[in-house]
Amino acid sequence: MSVPDLKDLIETAQRLQAEVVRVREQLGAKTVQGETGGGLVQCVASGRGEIVSLTIDPAVLGDKKMVEDLVVGAVNLALDRARELAQTELGRVTGGLPLPPGMFGS
């Protein structure tokens, strides 16, 4: 590999890193939702995998076990959708190439 090729490779990696950082910042503004029990529990997560809100219909508050199960299901569904969104958005930047864990930030 010649020096110009190495320079091009480094410049490409730097551009890719900047683009990945930009997309990750944008993911924080996007949201996805998971719901269980036909909408009795709704969880909203950001594209960065942070829980934004959790809504529980008062009709289910008398059954502790059911509420716990519905909350866990809604949160897991929202987080799965957040991961899918992030993977799709980052895949557009990287051309579908997988990034090693921790590469270009978290």
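Let us look at the structure shown here. This is a predicted model, so every value here is computed, not measured.

**Some thoughts on the overall build of the protein**
Stage number 1. A count of helical and extended segments in the protein gives 2 helices and 3 strands.
Stage number 2. Start at the N end of the protein and walk to the C end: the helices and strands fall as α-β-β-β-α.
Stage number 3. Relative to its 106 residues, the protein shows a buried fraction of 25%.
Stage number 4. Of the contacts made within the protein by residues no fewer than 6 positions apart, 54% connect residues no fewer than 24 positions apart.
Stage number 5. In the form shown here, the protein has an accessible surface area of approximately 7,000 Å², with 57% of it arising from carbon and sulfur atoms.

**A look at the pattern of salt bridges**
Stage number 1. Considering all chains together, one arrives at 6 salt bridges under this definition.
Stage number 2. Taking the shortest distance from any N to any O, the salt bridge between Glu19 and Arg22 comes out at 2.2 Å. Here the residue Glu19 and the residue Arg22 both occupy positions in helix α1 (residues 3-27), the gap between them amounting to 3 residues, near one helical turn.
Stage number 3. Salt-bridge contacts for Lys64 lead to Glu68; the nearest nitrogen and oxygen are separated by 2.3 Å. One end of the pair is Lys64 and the other is Glu68, both in helix α2 (residues 64-94) and 4 residues apart, which spans about a single turn.

**What about the sheet that holds strand β1 (residues 31-36)?**
Stage number 1. Taken together, 3 strands build an open sheet; the order of strands is β1-β2-β3 and the sheet is antiparallel. Pairing within the sheet leaves two strands with one partner each, and these edge strands are β1 and β3 (51-56). Shown here is a sheet whose adjacent strand axes are inclined to one another by a mean of 15°, direction ignored.
Stage number 2. One ladder, built from 5 bridges, connects strand β2 (residues 41-46) with β3; its direction is antiparallel. Residue pairing across strands places Val44 opposite Ser53, the latter belonging to β3.
Stage number 3. Set on the sheet, α2 makes contact with β1, β2 and β3; between it and β1 the angle comes to about 150°.

**A look at the environment of Glu89**
Stage number 1. Summarising the element assignment, Glu89 is placed in helix α2.
Stage number 2. Separated by 63 residues in the primary sequence, Glu89 and Gln26 place their C-alpha atoms 9.4 Å from one another.
Stage number 3. For Glu89, the side chain forms a polar contact with the side chain of Arg92, separated by 2.8 Å.

**As for the nonpolar core**
Stage number 1. Formed by 18 residues in total, the largest nonpolar core has its most connected members in Leu27, Val32, Val41, Cys43, Ala45 and Val71.
Stage number 2. Elements represented by at least two residues in this core include exactly α1, β2 and α2.

**Some words on the side chain of Glu89**
Stage number 1. Residue classification places Glu89 among the buried residues on the basis of a relative accessible area of 13%.
Stage number 2. Setting aside residues up to four positions removed in sequence, Glu89 forms contacts with Val23, Leu27 and Lys30.

The rules we used
- Chains are numbered independently. Their residues run from 1 in the order of the written sequence.
- Whole-chain, interface and lining totals are the exception, using all residues; otherwise, since this is a predicted model, local features are given only for residues with pLDDT of at least 70 and side-chain atom pairs are given and counted only at 80 or more.
- As a convention, hydrogens and water are excluded, and side-chain values are obtained from all of the structure's heavy atoms.
- Segments assigned H or I by DSSP are reported as helices when at least four residues long, segments assigned E as strands when at least two residues long, and all are numbered from the N terminus.
- Burial here depends on accessible area, computed with a 1.4 Å probe over protein chains only, as a share of the maximum for the residue type. Under 20% is buried, over 50% is exposed, and the range in between is partly exposed.
- Here, residues are in contact when the closest pair of their heavy atoms is within 4.5 Å.
- Exposure was quantified through the Shrake-Rupley algorithm and a 1.4 Å probe, taking into account, for residues, occlusion by the shown protein chains and nothing else.
- What counts as a salt bridge is simple: a side-chain nitrogen of Lys or Arg found within 4 Å of a carboxyl oxygen of Asp or Glu.
- If DSSP finds at least two bridges between two strands, the strands pair.
- In this analysis an axis means a line fitted to C-alpha atoms, helices contributing only their contacting stretch, and an angle means the value between N-to-C directions, from 0 to 180 degrees.
- Two N or O atoms count as a polar contact when they lie within 3.5 Å, although within protein this holds only if one can serve as hydrogen donor and the other as acceptor, and sequence-adjacent residues are included solely when both atoms are side-chain atoms.
- Working definition of a nonpolar core: buried Ala, Val, Leu, Ile, Met, Phe, Trp, Tyr and Cys residues. They are joined through side-chain atoms within 4.5 Å.

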